[in-house]
Amino acid sequence: MKKKIWVIAAISTLGAAPALAEQPTVEQRLEILQQEGDALKARGNPAGTSGYGSSTGSTTIGGYGEVVYNNYRDGTVKDEADLKRFVLFIGHKFNDRLRLFSELEVEHAKADKSGGEVAMEQAYLEFGLTEKTNARAGLMLMPIGIINETHEPPTFYGVERNEVESRIIPSTWRELGVAVQGEATTGLEYVAGVSTTPDASKYSNASKGFRDMRTSGRQAAANDLGVFAALNYRGTPGLLLGASVFSGNTAQNGNGETVKAAL
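Okay, so let's go over this structure. (Residues numbered from 1 in each chain as written. Predicted model: local features only at pLDDT ≥ 70, side-chain atom pairs only at ≥ 80, totals over all residues. Heavy atoms only, no water.)

### Comments concerning the overall build of the chain
Okay, step 1: When you go through the chain residue by residue, the secondary structure sums to three helices and 12 strands.
Okay, step 2: Evaluated residue by residue, the chain yields a buried proportion of 42% over its 263 residues.
Okay, step 3: For the chain, the share of sequence-separated contacts (at least 6 apart) that also reach a separation of at least 24 residues comes to 60%.
Okay, step 4: A total of about 13,800 Å² of accessible surface is found on the chain, and carbon and sulfur atoms cover 56% of it. (Helix = DSSP H or I, 4+ residues; strand = E, 2+ residues; numbered from the N terminus. Buried < 20%, exposed > 50% of the residue type's maximum accessible area, 1.4 Å probe, protein only. Contact = heavy atoms within 4.5 Å. Areas by Shrake-Rupley, 256 points an atom, 1.4 Å probe, with all protein chains shown as cover.)

Okay, structure coming up:
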């Protein structure tokens, strides 16, 4: 029996947290930098800079880091400071239609036996089909939930990511696949595609949800593929309405039990 996973997410945010609707995605950041670089280049300056990074010619470089300090009331637990993650993103515009988006992440300053990770978070090509429609192929963040695609502060309240979007929707969840993305009408964005799915054979225990089932593009089993789709409305300042779904078998070998997760 095949294992199958369903993930459904709905988002509704109004007024109280306008930053959620205004926080730019990596694609939007790279586009902003590219536009700034083009504008400066037109004025005779070959490079531009902003809070996200710099743009020179058709290549854009940026990034962000997150340092966390934990001070515990329990004196038996050691306080800790941690460079939790540093992300470097690079974009390149080959021509008016073809673009590259990529993110490389280092967790906990280094990767060794005690923990930490160096991994590609995104790496995909985007081809403009029309003015408002793009085709994508490569390693992509799944458009599930409000944090997975834009997962740094201040998208979420507090220092740590919440448990729902750490275990039920395992940020950062990325898969290899192809997708179509665009704007159906002003403020209404859509994305839909086909991708690899989590691998149920990697499931360890309920406390981690299906975090351990993520393959993140590393020799991902591809016997079973999944489909995903999302709609997001950002047409009103301070408002974000969205819904998304992911469905696919996770057994990869055709055997196993059913695994379900929903939000």
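Following the structure, the description resumes.
### Some points on the nonpolar core
Okay, step 1: Ranked by internal contacts, the top residues of the largest apolar core, which has 15 residues, are M142, I144, W173, A179, V191, F228 and F246.
Okay, step 2: Discounting chain neighbours no more than four positions away, the residues touching A179 are N134, A135, R136, M140, V191, A192, G193 and F228. (Core = buried A, V, L, I, M, F, W, Y, C linked by side-chain atoms within 4.5 Å.)

### A short note on a nonpolar patch on the surface
Okay, step 1: A contiguous nonpolar patch, built from I61, V67, L83, F86, L88, I90, L104, V118 and M120 and spanning about 730 Å² of accessible area, is present on the exposed surface.
Okay, step 2: Those elements giving two or more residues to the nonpolar patch turn out to be β4 (59-70), β5 (80-93) and β7 (115-130).
Okay, step 3: Tallying contributions element by element places β5 first for the nonpolar patch, with four residues.
Okay, step 4: For I61, the location among the structural elements is in strand β4. (Patch = residues over 30% accessible without salt bridge, like charges linked within 9 Å, V, L, I, M, F, W, Y side chains within 5 Å. Salt bridge = Lys/Arg side-chain N within 4 Å of Asp/Glu carboxyl O.)

### Remarks on the packing of aromatic side chains
The geometry of an aromatic ring pair is captured by the separation of the ring centres together with the interplanar angle, meaning the angle of the planes.
Okay, step 1: This structure, assessed with the given rule, holds two aromatic pairs.
Okay, step 2: Plain terms: the ring middles of F101 and Y124 are 5.4 Å apart, the flat faces sit at 35° to each other, and that makes the pair tilted. Remark: Y124 occurs in strand β7 and F101 occurs in strand β6 (residues 98-112); sequence separation between them is 23 residues.
Okay, step 3: In this structure Y124 comes out as buried when scored by relative accessible area, which is 2%. (Phe/Tyr/Trp six-rings, centres within 6.5 Å; stacked < 30°, edge-to-face > 60°.)

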